[in-house]
Amino acid sequence: MANKRPNILWIYIEDQDPRYGCYGETLVETPNIDALAAEGVVFERAYSPAPVCSPSRSAVITGSYAIRLGTHVQRSSRFPGEEIYLPDGYKTVPEVFRDAGYFTFNNGKDDYNFARDRSTLYTTGNDEREPDGKVGGGVSLQRGSGDWRECPADTPFFAQIQTNGGKDGYSAEQASGVLQRLGVEDPKLVSPDDVNVPPQYPDILEMREMVANQLNTMLVSDILVGQMMMRLKADGHWGNTIIFLLSDHGALFPRAKQMCYEEGLRVPLMAAAPGMPDFQRLIPPGTRRRLPVATLDVGATSLELAGITVPDYMDSANLFEGRQREHVFSARDRCEWVVDRTRSAIGDRYHYIRNFMTDRPVAQPNFREAWPAVKRTREMYERGELTPTQALAYGPRPAEELYDLKEDPHETVNLADDPDHEEILKAMRALVLAWIEDTDDKGQYPESKAALAITKKQFRRWCTDPIFDDV
């Protein structure tokens, strides 16, 4: 390329936990993702800023915590009268790239919680069916269709490509059909008989099928990533493109997606600069990072790799240079009709969770309620058939939770009341409270009646929480 600035490509794989071969998973084969990982750095403990789609995506694309900007409520700012606008002068990551001369696009959904003309973020691929061009997409999710082949030859690109990942899960039959359409003649699917069910869930057939289905989505993701890499090479961009692969949050399991536990927040993250010696000094092939990192920092890292100054209003920081984070913060607020507020801090060993709505159990009825595994688990709870660990999600919720991730990776033993952990509890509590103060956490303020009214109109059947009574 005449222009020596690198292309930047974000590959977003929805709803996936880090269970590829390069993360040690043995039940699935992910050779394409593993090959990409070998070209760069694998972050073994990467965490999302939120355990659900739109707040997480809003944080990453703006480079700022959703609770700072007011974009923390899932699928907000979708309808007239309840729009959320970014502060005056605030520019998102792709807008900063455009100002620096980059060609930008997003192929797939954006799912952001702020109102903005989509064409200010992206050079191409904007869906004209939405009359106001708003990101988030009104009634339906806005989707882009850009491609790097539209980019002028002398211009670098900033690209986001979204894949379905584990969004819907695949039964064995569905996964087989998808893989065959992708050219895989004899898919090696995961059998429910071969999986391990984590101790927080009952070991029942329905849950085993759910685990196997999630693993089968990894096979599809791997083929799609392989096809992207082939296109990059065929189009002459292998050797001038820095690639990030990440997910927006964890898998669909009952205590994962929408929940501030390890399994809801921990995601795959890798970065590679194949064939780019100048950048491989920072992103050395075949290396791994164990300390916790934030996917929030992909934005600032991308900008600085492109030689672009990161705006000082962003919370995002460089993953490779400068002072590294000691703790990663995350937040969960209302998801559709389910009202909640949880804040989280994860360090090298301990995970602290602050629950502000202790009158609501973790397992509030949500979008998963009719799923066979979830339905049967609730029935087992009502019959007293769950173990104490499995029943925790249905009982009273403590104000504070503290887990030793080294000794208890599935977060089943709450140490918040353990005298031996009092000092670490106080320290991590102070960190979260300071974060809340620094961001002026917008989750502490009541939502607008317009936003609640829209939600009630959409989900009237389920909006039984008293917060919806007056709208």
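Reference entry: report on the structure contained in this document. (Residues numbered from 1 in each chain as written. Predicted model: local features only at pLDDT ≥ 70, side-chain atom pairs only at ≥ 80, totals over all residues. Heavy atoms only, no water.)

1. Side note on the overall build of the protein
Next up, step 1: A tally of regular secondary structure across the protein gives 14 helices and 15 strands.
Next up, step 2: Relative to a compact globule of 471 residues, whose C-alpha radius of gyration would be 23 Å, the protein shows 22 Å and is just as compact.
Next up, step 3: With the C-alpha coordinates of the protein rotated into their principal frame, the extents come out at 65 × 50 × 45 Å.
Next up, step 4: For the protein, buried positions account for 60% of its 471 residues.
Next up, step 5: Within the protein, residue pairs in contact and separated by at least 24 positions form 72% of the contacts whose partners lie at least 6 positions apart.
Next up, step 6: Carbon and sulfur atoms provide 50% of the accessible area of the protein, an area that totals close to 19400 Å².
Next up, step 7: Separation between the mean location of the 54 positive side-chain charges and that of the 72 negative ones in the protein comes to 2 Å. (Helix = DSSP H or I, 4+ residues; strand = E, 2+ residues; numbered from the N terminus. Rg over C-alpha atoms; globule rule 2.2 N^0.38 Å. Buried < 20%, exposed > 50% of the residue type's maximum accessible area, 1.4 Å probe, protein only. Contact = heavy atoms within 4.5 Å. Areas by Shrake-Rupley, 256 points an atom, 1.4 Å probe, with all protein chains shown as cover. Lys, Arg positive; Asp, Glu negative; His and termini not counted. Charge placed at Lys NZ, Arg CZ, Asp CG, Glu CD.)

2. A look at the nonpolar core
Soluble globular proteins tend to pack their nonpolar side chains together in the buried interior.
Next up, step 1: Counting 60 residues, the largest nonpolar core has L9, I11, M229 and L245 as its most contacted members.
Next up, step 2: Element by element, the count of residues in this core is highest for helix α7 (residues 205-234), at 13 residues.
Next up, step 3: When sequence neighbours within four positions are dropped, the list of residues in contact with M229 reads L9, I11, L36, W238 and I243.
Next up, step 4: A46, Y102, V298 and A300 belong to the second-largest nonpolar core, a separate cluster that totals 43 residues. (Core = buried A, V, L, I, M, F, W, Y, C linked by side-chain atoms within 4.5 Å.)

3. Here's the deal with the packing of aromatic side chains
Next up, step 1: Taken as a whole, this structure holds 18 aromatic pairs when the rule is applied.
Next up, step 2: A ring pair is formed by F97 and Y102, whose centres lie 4.9 Å apart and whose planes are at 65°; its orientation type is edge-to-face.
Next up, step 3: Overall, Y102 belongs to the buried group, its relative accessible area being 4%.
Next up, step 4: Residues Y201 and F253 carry aromatic rings whose centres are separated by 6.4 Å and whose planes lie at 45° to one another, so their mutual orientation is tilted. Of this pair, Y201 sits in the loop between α6 (172-181) and α7 while F253 sits in the loop between β7 (241-246) and α8 (262-265), and the two are 52 residues apart along the sequence.
Next up, step 5: When its relative accessible area of 6% is taken as the criterion, Y201 is described as buried.
Next up, step 6: Among the aromatic residues, those joined into a ring-pair cluster are W10, F97, Y102 and F158.
Next up, step 7: Across the ring face of Y12, the terminal group of R57 is positioned such that the distance to the ring centre comes to 4.6 Å. (Phe/Tyr/Trp six-rings, centres within 6.5 Å; stacked < 30°, edge-to-face > 60°. Lys NZ or Arg CZ within 6 Å of the ring centre and 35° of its normal.)

4. Comments concerning the sheet that holds strand β14 (residues 350-355)
One key point about sheets: their strands pair by backbone hydrogen bonds, in either a parallel or an antiparallel sense.
Next up, step 1: Strand order across the open sheet formed by four strands is β12-β13-β14-β15, with antiparallel pairing between neighbours. Edge positions in the sheet fall to β12 (328-332) and β15 (400-404), since each has one partner strand and no second. Across the sheet, the mean angle from the axis of one strand to that of its neighbour is 15°, orientation sign disregarded.
Next up, step 2: When β12 meets strand β13 (residues 342-346), the two strands line up antiparallel, connected through five bridges. (Pairing = 2+ DSSP bridges. Axes fitted to C-alpha atoms, helices over the stretch in contact; angles between N-to-C directions.)

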